[in-house]
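Summary of the model geometry
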Amino acid sequence: NGSVYFDVASFEGADGMHYCKLAPEQIHNAALLAEGEGKLTQDFVSDKRSPRDFALWKRSKESEPSWESPWGPGRPGWHIECSVMASDVLENLNDGNPRMDIHSGGVDLKFPHHDNEMAQAEAKCGHSQWVNYFVHAGHLHIHGFKMSKSLKNFITIREALENNSARQIRLCFLLHKYNAPMDYGDNTMSHALVTEKIFKEFFLNVKALLREGKLTDSQNWSPQTATLQKTLRTTKEKVDDALRDDFDTPTVISVLVDLVKATNIYMESPENVIHLVIRNVATYVTKIFKVFGLISSSEDIGFDAGGSSGGNREEILTPVLNALMDFRSSVRDKARAKDTSGVLSDCDTFRDDSLPQLGIRLEDKTGGKSVWKLADPAELMREKEQRDLETKRKEEEKARAAEEKAKKDALNALSPADYMKQLTLDDGKTPKYSQFDDAGMPTHASDNEPLNKNQSKKAQKEFAAQGKKYEKYLKKQEGL
């Protein structure tokens, strides 16, 4: 009839051959078998000897794509395309051996696509194992649903990079097992951002510490140093075991975080710190991150500081020297005027406004000591914007609190009689009470009707409560 089908029963009858090795439980799943053949083959289902047989060559109907063949016009079956291309390339690269070591793909392609690929290729080359290892990736979900262009439930890489850096996105994927489903969203990215910050601060702190090292520093190892060196050795073993265990990257990141935390504690200890051990830890973490594609620069330790690179010495130093000259001039003027607070203010401005634009973070430590760290200028400016917004929020909150306190104090300064007279209904305009007795107690409501029993009781409570506040206010005034 112009179509050619793979005879699964004949294949299974051949010596050493086995069909459906990846998902044997699905071998009779009619829905998956039909999906694997595709819509354009459904009209020819009755031509097959068995529902498990699949098309190697499909006869084309009018208006469908087609190529001439010994069996008439048609086109290759879906599964045969992959097998033919891979086998052809491997035969040319591997002295005629078409078998491969690792084959990857989505988990939904296990059956029938990958099983059919193997059956075809194994039947052709005469080997019972065309692929040694299959690596099946889990589905990526967006807002809980499988990412699908047809469902308009997808996000492009370009769109993702508008919100996060390439390193942050890579780290997000490394925090999830490659063969497990992953939901891409704010929650998963927030975990990646927190993890990135742990390593980023670690690298910066290490670089700042190593800059302080001197040849005369003691190299005597304390028990804490020996413990950290042992932790490094154990971490290397755990990382190696995790990567050998089906590329378990989440475990790798977890043990590296533990190593970083242990090193941070060591660097903060009062004991003598051995810089060589700290360098070894940072170098190792950097090495693994380079393997994962998180670091592309040639630096021995840490992430690339960002910003532009290259340029001659004058181009590099000009913005720094300009900032220093402006700072020096301002400090000199204030020093001549004996304006100590102005000098300190200029120091803070230099730290918070000038240096971040140059990609320099200056951190003041206890005891008057400071350390500098290089970082991406854009990142430092974002941090500054966030600090400014937080400062503005606190100032506005403080102003609102002060305004509320002023209103409260103004009300407390009113006698009970005056307080009752200024009360209004919900519209904020109509007086709540229209008539009062000699003591200032309300007797009539806003509509000039006498207060009923419940209204009078409520008014008395309001009057008494304001009396206590007014008395407290007077005592406070007497004490001033």
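Everything here concerns the structure above.
Cut-off values and rules
- Residues numbered from 1 in each chain as written.
- Predicted model: local features only at pLDDT ≥ 70, side-chain atom pairs only at ≥ 80, totals over all residues.
- Heavy atoms only, no water.
- Phe/Tyr/Trp six-rings, centres within 6.5 Å; stacked < 30°, edge-to-face > 60°.
- Helix = DSSP H or I, 4+ residues; strand = E, 2+ residues; numbered from the N terminus.
- Buried < 20%, exposed > 50% of the residue type's maximum accessible area, 1.4 Å probe, protein only.
- Lys NZ or Arg CZ within 6 Å of the ring centre and 35° of its normal.
- Patch = residues over 30% accessible without salt bridge, like charges linked within 9 Å, V, L, I, M, F, W, Y side chains within 5 Å.
- Areas by Shrake-Rupley, 256 points an atom, 1.4 Å probe, with all protein chains shown as cover.
- Salt bridge = Lys/Arg side-chain N within 4 Å of Asp/Glu carboxyl O.
- Lys, Arg positive; Asp, Glu negative; His and termini not counted.
- Charge placed at Lys NZ, Arg CZ, Asp CG, Glu CD.
- Axes fitted to C-alpha atoms, helices over the stretch in contact; angles between N-to-C directions.
- Left-handed = near helix turned anticlockwise from the far one by under 90°.
- Contact = heavy atoms within 4.5 Å.
- Nonpolar A, V, L, I, M, F, W, Y, C, P; charged D, E, K, R; others polar.
- Pairing = 2+ DSSP bridges.
- Core = buried A, V, L, I, M, F, W, Y, C linked by side-chain atoms within 4.5 Å.
- Parallel < 35°, antiparallel > 145°, perpendicular 65-115°, else oblique.
- Polar contact = N/O pair within 3.5 Å; in protein donor to acceptor, adjacent residues only side chain to side chain.

Some thoughts on the packing of aromatic side chains
Here the structure, examined in full by the defined rule, presents ten aromatic pairs. Seen in terms of ring centroids, Trp57 and Trp71 are 6.1 Å apart; in terms of plane orientation they differ by 45 degrees. Their pairing is tilted. Placement of Trp57 in strand β2 (residues 54-59) and of Trp71 in the loop between β2 and β3 (74-76) is noted, with a sequence separation of 14 residues between them. With relative accessibility at 12%, the residue Trp57 sits in the buried group. For Trp71, a relative accessible area of 48% gives the class partly exposed. Taking 4.7 Å as the distance between ring centres and 70 degrees as the angle between the ring planes, the aromatic pair formed by Phe199 and Phe289 counts as edge-to-face. Note that Phe199 is positioned in helix α7 (residues 186-211) and Phe289 in helix α10 (residues 275-291), a separation of 90 residues in sequence. The exposure classification of Phe199 matches that of Phe289, with both residues buried. An aromatic cluster is built from Phe199, Phe202, Phe203, Phe289 and Phe303, whose rings are joined through pairwise contacts. Directly above the aromatic system of Phe303 lies the positively charged group of Arg167, at a separation of 3.8 Å from the ring centroid. In this arrangement the basic side chain of Arg211 is found over the ring face of Trp372, its NZ or CZ atom lying 3.3 Å from the centre.

Comments concerning a positive patch on the surface
A cluster of like positive charges, contributed by Lys408, Lys469, Lys472 and Lys476, occupies part of the molecular surface. The dominant element in the positive patch, judged by the number of residues it contributes, is helix α15 (residues 453-479), at three residues.

Looking at the packing of α7 against helix α9 (residues 249-268)
Two numbers describe how α7 lies on α9: the axes approach to 10 Å, and their chain directions differ by 40 degrees. You can see that α7 and α9 cross each other, and the crossing is left-handed. Facing Thr195, Ile198, Phe199, Phe202, Asn205, Val206 and Leu209 of α7, the residues of α9 in contact are Ile253, Leu256, Val257, Val260, Thr263, Asn264 and Met267. By residue class, the composition of the contact of α7 with α9 is ten nonpolar, four polar and no charged.

Some details on the sheet that holds strand β1 (residues 4-6)
The antiparallel open sheet is built from three strands, whose spatial order is β1-β2-β3. Strands with a single pairing partner mark the edges of an open sheet, and in this sheet they are β1 and β3. This sheet shows a mean twist of 20 degrees between the axes of neighbouring strands, independent of strand direction.

Structural notes on the nonpolar core
Counting residues in hydrophobic clusters, the biggest one holds 45 residues, and the most contacted among them are Phe199, Ile253, Leu256 and Phe289. Counting residues per element, the ones that place at least two in this core are α6 (166-174), β8 (182-184), α7, α8 (223-244), α9 and α10. Of all the elements, α9 adds the most residues to this core, at nine residues. Excluding residues within four positions of it along the chain, Leu256 makes contact with Phe199, Thr235, Val239, Tyr284, Val285, Ile288 and Phe289.

A short note on the pattern of salt bridges
All told, the structure shown has 30 salt bridges when counted by the stated rule. Between Glu212 and Lys369 there is a salt bridge, with the nearest N and O atoms lying 3.3 Å from each other. In this pair, Glu212 sits in the loop between α7 and α8 while Lys369 sits in the loop between β9 (360-364) and β10 (370-374), placing the two residues 157 residues apart along the sequence. A salt bridge links Arg336 to Asp333, with the shortest nitrogen-to-oxygen separation between them at 3.5 Å. Of this pair, Arg336 and Asp333 both sit in helix α11 (residues 313-336), three residues apart, which is roughly one turn of the helix.

Things to note about the pairing of β2
In terms of strand pairing, β1 meets β2 through three bridges, oriented antiparallel. Looking across to β2, one finds that Phe6 is bridged to Phe54. Inspection of the sheet shows β2 paired to β3 by three bridges, in the antiparallel sense. Directly across from Lys58, in β3, lies its bridge partner Arg75.

Description of the sheet that holds β8
Taken together, three strands build an open sheet; the order of strands is β7-β6-β8 and the sheet is mixed. Here the strands that pair on one side only, and so sit at the sheet edges, are β7 (145-146) and β8. As defined by bridge partners, strand β6 (residues 140-142) adjoins β8 across three bridges and the pair is classed as parallel. Across the sheet, Leu140 pairs through a bridge with Met182, a residue of β8.

Notes on a nonpolar patch on the surface
Where nonpolar side chains cluster on the molecular surface, the patch consists of Ile316, Leu317, Leu321 and Leu324 and spans about 320 Å² of accessible area. For Leu324, the location among the structural elements is in helix α11. Residue Leu324 is classed as partly exposed on the basis of its relative accessible area, which comes to 38%.

Details of the packing of α11 against helix α12 (residues 340-357)
At a minimum axis distance of 9 Å, the contact between α11 and α12 shows a crossing angle of 165 degrees. In terms of orientation, α11 lies roughly antiparallel with respect to α12. With respect to the hand of their crossing, α11 and α12 are arranged in right-handed fashion. In this structure, α11 uses Ala323, Leu324, Phe327, Ser330, Val331, Lys334 and Ala335 to contact α12, whose residues at the interface are Gly342, Val343, Asp346, Cys347 and Phe350. Residues belonging to the contact of α11 with α12 are distributed by class as follows: eight nonpolar, two polar and two charged.

Observations concerning the side chain of Glu64
In this fold, Glu64 is placed in the loop between β2 and β3. In this structure the side chain of Glu64 is engaged in a polar contact, spanning 3.0 Å, whose partner is the backbone nitrogen of Lys61.

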